[in-house]
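Chain residues, written in single-letter form:
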Amino acid sequence: MIKPTIIATSKSESRPVLTGVNMSFNDQNLTCVATNTHRLSMSRIDIKPTGNKFFNIPSTSLSELIKLIGSTSNEKNN
């Protein structure tokens, strides 16, 4: 869900809000949205009810998370 969304984030620091992914939880799903003003990407999955929350996560942090998840799954396979 993160990989298809993170490709639309901006690399320019001139508008910091565009360098991250907006994640919003509502009563039934998690939605991730990112844009760099030229591209727009959105992913949505159904989840158990958690209430309504939203936040922005920097794309650099999400990239590191993807690397950590990948290395952990590779270690389990060996």
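As annotated in an unreviewed UniProt entry, the protein chain carries the name DNA polymerase III beta sliding clamp central domain-containing protein and is attributed to Psychrobacillus glaciei. For the record of the protein chain, the UniProt heading Sequence similarities (unreviewed entry) holds the text "Belongs to the beta sliding clamp family."

*Asks:* Outline the pattern of salt bridges, supporting the account with residue identities and numerical values.
*Replies:* Scanning all chains against the criterion turns up one salt bridge. Note that lysine 67 and glutamate 64 form a salt bridge whose closest N and O atoms lie 3.5 Å from each other. One end of the pair, lysine 67, and the other, glutamate 64, are both in helix α2 (residues 59-77), three residues apart, so they sit about a helical turn from each other. Given a relative accessible area of 54%, lysine 67 falls into the exposed group.

*Asks:* For the environment of methionine 42, give the residues involved together with the corresponding values.
*Replies:* Looking at the secondary structure, you find methionine 42 in strand β3 (residues 40-46). As for methionine 42 and methionine 1, which are separated by 41 residues in sequence, their C-alpha atoms are 8.9 Å apart. When near neighbours in sequence (up to four residues on either side) are disregarded, methionine 42 contacts Thr31, Cys32 and Val33.

*Asks:* For the packing of aromatic side chains, give the residues involved together with the corresponding values.
*Replies:* What the rule picks out here adds up to one aromatic pair. For the ring pair phenylalanine 25 and phenylalanine 55, a centre distance of 5.9 Å and an interplane angle of 35° mean the geometry is tilted. Placement of phenylalanine 25 in strand β1 (residues 20-25) and of phenylalanine 55 in strand β4 (residues 53-58) is noted, with a sequence separation of 30 residues between them. On the accessibility criterion, phenylalanine 25 (22% relative accessible area) is partly exposed. Phenylalanine 55 gets classed as partly exposed once you look at its relative accessible area, which sits at 33%.

*Asks:* For the environment of serine 59, give the residues involved together with the corresponding values.
*Replies:* Among the structural elements, serine 59 can be located in helix α2. Measuring from C-alpha to C-alpha, the distance between serine 59 and glycine 20 comes to 4.7 Å, with 39 residues separating the pair along the chain.

About the cut-offs
Residue indices begin from 1 for each chain and proceed along its sequence in written order. A pLDDT threshold of at least 70 governs which residues receive local features in this predicted model, and a stricter bar of 80 or more applies before side-chain atom pairs are shown or counted, although totals over entire chains, interfaces and linings include all residues. Values shown for side chains rest on all heavy atoms present in the structure; no hydrogens or waters enter the calculation. UniProt positions are given in the numbering used here, feature names are shortened, and annotations may be inferred rather than shown by experiment. Here, a salt bridge means any side-chain nitrogen of Lys or Arg that lies within 4 Å of a carboxyl oxygen of Asp or Glu. Numbering of helices and strands runs from the N terminus, with a helix taken as a DSSP run of H or I at least four residues long and a strand as a DSSP run of E at least two residues long. Each residue is placed in one exposure class: buried if its accessible area under a 1.4 Å probe, protein chains only, is under 20% of its type's maximum, exposed if it is over 50%, and partly exposed if it falls in between. For this analysis, residues touch if any pair of their heavy atoms sits within 4.5 Å. Ring geometry is summarised as follows: Phe, Tyr and Trp rings, the Trp one being its six-membered ring, pair when their centres sit within 6.5 Å, and such pairs are stacked at plane angles under 30 degrees, edge-to-face over 60 and tilted between the two.

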